[in-house]
Amino acid sequence: MLVDETFVQTVINIEKDQLRRRKELDREEDTIRECTLQYLTLNTEYHVIPTYTQAEQDQAFICTQTKPWTTLADIVFSKKETIAIKGRPVLPIADRKVAQVYKKMGQSLAHFTTVDTLPKAIKIIPSLSNWDAVLFLTCPSNWSSEAVLQITLLFLNHIKAIQTKQYFEYVLVHAIKSNLIQHNYVRLDSALYQCLQKAILSHPGIFFKGYLFPQSELGCLSLAEAMILRDMMTGIPVVYTTMALLQFSTCSITLPVSLLMDALVNQRQPLPYRVIDALVYHYFNQSTVVPCIWYQTLDTFISVYHTDMVPIHKKKLLDTIHNQQCLDHISHAYLIQNIKDEFINI
């Protein structure tokens, strides 16, 4: 069987480019490893998820999924036959032998461990125009956690914004959720924890758009995911804090979204007027009972950003507190009084 020299050279060039990108990413490896050790328990196979103390009281706000979650299979089967893009190799998926090779690789990825290395045929997937169809052949739902980590690093090294976003949205989300369900939402495999950590530290904007925002829009972000991401979001650049708060301000109130908003507001970064305005109206538009963390976030928001508010903002927030006091004058009376005191002191 003759080997296409052009294709071989393309693979070599891809590997060189990936090696260069990997060296750049490895500069952050020591920092990431130190952060990981802070969050992992003595059992290095798992990350134990902290317990949210108000879970029983705020049970109604944990998850409100209203739409089915899109999978990689949905995307692949919704497309017509892939057309090659000039300059990017396309594997002949119609070729049964090629398809069989990737299916067998998928079987090996199901048992992938830390001592294994990814085959070269897997490493070139991010460079293919029909990467999603090729990746689908490997059956991502059966990958081991270590395989998910290595392939996530592959996409982070060979960064293409739209492609990596889709990988987060259609592959990584399902891997994280499946593992959490498997462990009853009390722990997450260490390798998958590192996937989230490396993604959010390396490319927070793409991670937000591919992983976090679609879930917050659908209302299917789990409490366990929010508890994990809350600590990881500490210290992200203000541009991504702004992006996230603007997005969350348009979402329905759920406990996971409120937890992440609390983490972002507590960073006390200087925010543009547009974000202040959006958050004020986010709080003002709540006409139903809200979780405890919502009041805590509002209290922090007022104490930190009151100097950036115009009089109409303060009036609307006072009206919000009054309305919430009428709706829920017992459960959160102490928090409501704290917020009122905050207004007196500013």
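Bear in mind that the values here come from a model prediction, so they are computed numbers and not experimental data. (Residues numbered from 1 in each chain as written. Predicted model: local features only at pLDDT ≥ 70, side-chain atom pairs only at ≥ 80, totals over all residues. Heavy atoms only, no water.)

A. Region of interest: the overall build of the protein chain. Across its full length, the protein chain holds 17 helices and two strands. Classification of the 346 residues of the protein chain by burial places 50% in the buried group. Put simply, of all contacts in the protein chain between residues at least 6 apart along the chain, 80% involve residues at least 24 apart. Summed over all atoms, the accessible surface of the protein chain reaches about 17,500 Å², with 55% contributed by carbon and sulfur. (Helix = DSSP H or I, 4+ residues; strand = E, 2+ residues; numbered from the N terminus. Buried < 20%, exposed > 50% of the residue type's maximum accessible area, 1.4 Å probe, protein only. Contact = heavy atoms within 4.5 Å. Areas by Shrake-Rupley, 256 points an atom, 1.4 Å probe, with all protein chains shown as cover.)

B. Inspection of the side chain of Ser-249 at higher detail. Residue position: Ser-249 is located in the loop between helix 12 (238–248) and helix 13 (255–265). When near neighbours in sequence (up to four residues on either side) are disregarded, Ser-249 contacts Ala-278, Leu-279 and His-282.

C. The arrangement of the pattern of salt bridges in detail. As enumerated under the stated definition, the model contains three salt bridges in all. With its nearest N and O atoms 3.2 Å apart, the salt bridge here joins Asp-319 to Lys-315. Residue Asp-319 and its partner Lys-315 are located together in helix 16 (residues 311–327), separated by four residues, close to a single helical turn. (Salt bridge = Lys/Arg side-chain N within 4 Å of Asp/Glu carboxyl O.)

D. Structural view of helix 4 (residues 96–109). When the terminal C-alpha atoms of helix 4 are compared, their 20 Å separation across 14 residues agrees well with the 20 Å that a helix rising 1.5 Å per residue should span. Within the span of helix 4, buried status applies to Val-98, Ala-99, Tyr-102, Met-105, Gly-106 and Leu-109. What you see down the axis of helix 4 is that its buried residues fit within an arc of 120 degrees, all on one side. The exposed residues of helix 4 that point more than 90 degrees off its buried face are Arg-96, Lys-97, Lys-104 and Gln-107. Buried positions along helix 4 lie against helix 5 (120–123), helix 6 (131–137) and helix 7 (145–157). (Expected span 1.5 Å × (residues − 1). Arc of directions from axis to C-beta.)

E. Quick peek at the packing of helix 12 against helix 14 (residues 273–284). Between helix 12 and helix 14, the shortest axis-to-axis distance is 9 Å and the interhelical angle comes to 30 degrees. Classified by the angle between their axes, helix 12 and helix 14 sit roughly parallel to one another. Between helix 12 and helix 14 lies a crossing whose hand is left-handed. Across the interface between the two elements, Thr-242, Leu-245, Leu-246 and Phe-248 of helix 12 pack against Arg-274, Val-275, Ala-278, Leu-279 and His-282 of helix 14. (Axes fitted to C-alpha atoms, helices over the stretch in contact; angles between N-to-C directions. Parallel < 35°, antiparallel > 145°, perpendicular 65-115°, else oblique. Left-handed = near helix turned anticlockwise from the far one by under 90°.)

F. Structural context of the packing of aromatic side chains. Per the stated rule, a full pass over the model turns up 13 aromatic pairs. Geometrically, the ring pair formed by Phe-168 and Phe-207 is edge-to-face, given 5.8 Å between the ring centres and 70 degrees between the ring planes. Linking Phe-168 in helix 8 (residues 161–182) with Phe-207 in helix 10 (residues 204–218), this pair joins segments that are 39 residues apart in sequence. For Phe-168, a relative accessible area of 0% puts it in the buried group. Judged by its relative accessible area of 0%, Phe-207 falls in the buried class. In textbook terms, an aromatic cluster arises when at least three aromatic residues are bridged by ring pairs, as seen for Trp-131, Phe-155, Tyr-167, Phe-168, Phe-207, Phe-208, Tyr-211, Phe-213 and Phe-248. Here the basic side chain of Lys-316 rests over the ring of Phe-284, its NZ or CZ set 4.3 Å away from the ring centre. (Phe/Tyr/Trp six-rings, centres within 6.5 Å; stacked < 30°, edge-to-face > 60°. Lys NZ or Arg CZ within 6 Å of the ring centre and 35° of its normal.)

G. Inspection of the confidence of the model for the protein chain at higher detail. Within the protein chain, residue pLDDT values average 79, and 72% of them lie at 70 or more. Within the protein chain, helix 12 carries the highest mean pLDDT (94), whereas helix 2 (residues 29–39) carries the lowest (45). Predicted confidence is poor over residues 32–44, with pLDDT under 50, and the contacts of this stretch with residues over four places away or in other chains come to 18 contacts. (pLDDT = per-residue confidence, 0-100.)

H. Expanded view of the packing of helix 9 (residues 190–202) against helix 11 (residues 223–232). Their axes nearest at 10 Å, the elements helix 9 and helix 11 cross at an angle of 45 degrees. For the element pair helix 9 / helix 11, the angle class is oblique. Viewed along their axes, helix 9 and helix 11 form a crossing whose handedness is right-handed. Residues Tyr-193, Leu-196, Gln-197 and Ile-200 of helix 9 lie in contact with helix 11, whose contacting residues are Ile-228, Leu-229 and Met-232.

I. Structural detail: unusual backbone geometry. The backbone phi angle of Tyr-185 is positive, close to 60 degrees, even though this residue is not glycine. The phi dihedral of Arg-268 falls on the positive side, at around 55 degrees, and the residue is not glycine. Its location among the elements puts Arg-268 in the loop between helix 13 and helix 14. Relative accessible area serves as the criterion here: at 48%, Arg-268 is assigned to the partly exposed category.

J. Looking closely at the environment of Phe-284. Looking at the secondary structure, you find Phe-284 in helix 14. Assessed through its relative accessible area of 27%, Phe-284 is described here as partly exposed. Through-space distance from the C-alpha of Phe-284 to that of Lys-315 is 9.8 Å; in sequence the pair is 31 residues apart. Ignoring any residue separated from it by four or fewer positions in sequence, one finds Phe-284 in contact with Lys-316, Asp-319 and Thr-320.

K. Local environment of the nonpolar core. Within the largest apolar cluster, 95 residues are counted, with the highest numbers of intra-cluster contacts made by Tyr-167, Leu-196 and Phe-301. Domain assignment of the residues forming this core places at least three in each of domain 1 (13–42 + 236–345) and domain 2 (46–233). (Core = buried A, V, L, I, M, F, W, Y, C linked by side-chain atoms within 4.5 Å. Domains from an automatic or database assignment.)

L. Looking closely at the environment of Arg-230. Structurally, Arg-230 is set in helix 11. Residue Arg-230 is classed as partly exposed on the basis of its relative accessible area, which comes to 22%. In sequence terms Arg-230 and Leu-260 are 30 residues apart; their C-alpha atoms lie 5.5 Å from each other. Not counting residues up to four positions away in its chain, the partners in contact with Arg-230 are Leu-259, Leu-260 and Ala-263.

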